[in-house]
Amino acid sequence: MTVFSGRVGSADPPPVAATIPSSWLHEVFRAADARERATGLPVTRLHVGEPYFGPPEGVAAALAEAVLRGHAGYGPVEGLVALREALVAKLATANGIDSAVSRVFATPGSCQGLLALLLALAEPGAELLLPELHWPVHLQQALLAGYRPVFYPLGPDHRPDPAAVLAAGTPRTRVLVLNSPANPTGAVLGADDLRVLVDGARSRGWQVVSDEAYEDYVYTGEHVSPAALERDVPVEERVVHSVFSFSKSLAMTGYRLGYVATATERAARVLGVVQEANIIGPATPVQHAGVAAVALRAEAAAANRDRVRRNRDTALPALVDAGLLPALPAGGWYAVLDVTRTGLDAEVFADRLLRHRGVAVVPGTGFALRPAPDAAGVVRSIAPAPWSRHLVRIAMCVAPEALAAGVHGLLEFVDECGRPR
């Protein structure tokens, strides 16, 4: 992995984006493609969360109809009213969030919505709290938005202790990022822990950004939206901003559609300015597809959850038995394995697994990067936390036969590493 080391002695700081490494995912993508070209053999791709199932029937037709009927012009910066009304109803029934059309934004994917929200909440010199094992894009977005990231610890089960999270804050903390179910760990936070975190954030003057892309993929317990815990709080005193995706529950990965529900009208006004400067407005035909998808959501999401759960329950117990996975993930699309027993660093493990077995996985070091900013906030270096050097992530949303083959190849490779040479 390319680790940035800035020109510490230079009088001219580098551009902010130049100090932020690309995700390990992109490097593994390139390596997998190169192997296929070189060998002519297919790669078992466990490195990417691309589901083997597709959108509900009727979504593509709604997109095509919108284009053919000429519904492809500019729309409101916040998104089409019809879609936002449908999303307000969904938030109420599925998440227990009492939002309003004025506080809901359609976005070109939840990733763009997350960055826009962080920009809308940013203050000069502000710190942002992230889990120590996190989705790399969360860190990239925080740095691009000008935050100083601070990392809160996770327990052996990858779940944060609320007291430890709150203790990680400083007088400069302004935003707490929560991700449940989590990428990459699959950890799920319950209502009691979330209530402590939300109440603690509000009492400290922090804003909470809740990334709920995997809301429908909970296998142990149930999904709780942090914003639902603020129903009894006056709107303008709320602090939880929620971000959702059509890519996971509805398998609309390439449609690039997500949505943000801001906590307050004030935050919505600021987010509107960010979106004006950023996207003008989300793609109109895709939003018409979103209206159709929301109407089909409940049945489709349940079926998709069952597909991934079957994958988890069928293929992953062998990894638990082998001591590579402490327990089956409680939610999400991924599992984090510990390959310490092989004696290989994660990056070497991933490289050799791809070359020798044709199985692509992601080194965990990319999920535990630690930037080192100078006094001016310029990131001068960035490197992974040492404890992440034996972790790898695999996706369990792929086709069952691909997951079975990938796990089999991975286990064979692990056993091979343990044999005397």
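Residues numbered from 1 in each chain as written. Predicted model: local features only at pLDDT ≥ 70, side-chain atom pairs only at ≥ 80, totals over all residues. Heavy atoms only, no water.

### Concerning the pattern of salt bridges
- This structure, assessed with the given rule, holds 20 salt bridges.
- For Arg 103, the salt bridge goes to Glu 265, with nearest N and O atoms at 3.3 Å. One end of the pair, Arg 103, is in the loop between helix H3 (81-95) and strand E2 (104-107); the other, Glu 265, is in helix H8 (residues 265-278), with 162 residues separating them in the sequence.
- Since its relative accessible area comes to 6%, Arg 103 is described here as buried.
- Salt-bridge contacts for Asp 216 lead to Arg 297; the nearest nitrogen and oxygen are separated by 2.4 Å. Of this pair, Asp 216 sits in the loop between strand E6 (207-211) and strand E7 (240-245) while Arg 297 sits in helix H9 (residues 284-315); the two residues are 81 residues apart in sequence, bridging distant segments of the chain. Each member of the pair, Asp 216 as well as Arg 297, carries the same accessibility label: buried.
- Sharing partners across several salt bridges, the network here consists of Lys 90, Glu 215, Asp 216 and Arg 297. (Salt bridge = Lys/Arg side-chain N within 4 Å of Asp/Glu carboxyl O. Helix = DSSP H or I, 4+ residues; strand = E, 2+ residues; numbered from the N terminus. Buried < 20%, exposed > 50% of the residue type's maximum accessible area, 1.4 Å probe, protein only.)

### Details of the packing of aromatic side chains
- Taken as a whole, this structure holds eight aromatic pairs when the rule is applied.
- With 5.5 Å between their ring centres and 75° between their planes, Tyr 217 and Trp 333 make a pair best called edge-to-face. Within this pair, whereas Tyr 217 is found in the loop between E6 and E7, its partner Trp 333 is found in the loop between helix H10 (317-321) and strand E9 (334-338), the two being separated by 116 residues in sequence. An identical accessibility class is assigned to Tyr 217 and Trp 333; each is buried.
- Between Phe 246 and Tyr 259, the ring centres sit 5.7 Å apart and the planes meet at 70°, which makes this aromatic pair edge-to-face. Here Phe 246, found in the loop between E7 and strand E8 (258-261), pairs with Tyr 259, found in strand E8; they are 13 residues apart in sequence, far enough to count as distant. This pair shows no difference in class: Phe 246 is buried, exactly as Tyr 259 is.
- In this structure an aromatic cluster arises from ring pairing among Tyr 52, Phe 53, Tyr 214, Tyr 217, Trp 333 and Tyr 334.
- Over the ring of Phe 244 we find Lys 90; its NZ or CZ atom is 4.2 Å from the centre of that ring. (Phe/Tyr/Trp six-rings, centres within 6.5 Å; stacked < 30°, edge-to-face > 60°. Lys NZ or Arg CZ within 6 Å of the ring centre and 35° of its normal.)

### Notes on the pairing of E7
- Of all six residues in E7, six are buried; the element is thus mostly enclosed.
- Neither face of E7 is exposed, since Val 240, Ser 242 and Phe 244 on one face and His 241, Val 243 and Ser 245 on the opposite face are all buried.
- Bridge analysis of E6 against E7 gives four bridges, and the strand direction is parallel. Directly across from Val 209, in E7, lies its bridge partner His 241.
- Pairing between E7 and E8: four bridges, direction antiparallel. Bridge pairing in E8 links Val 243 to Val 260. (Pairing = 2+ DSSP bridges.)

Nothing here speaks to function; it is geometry throughout.
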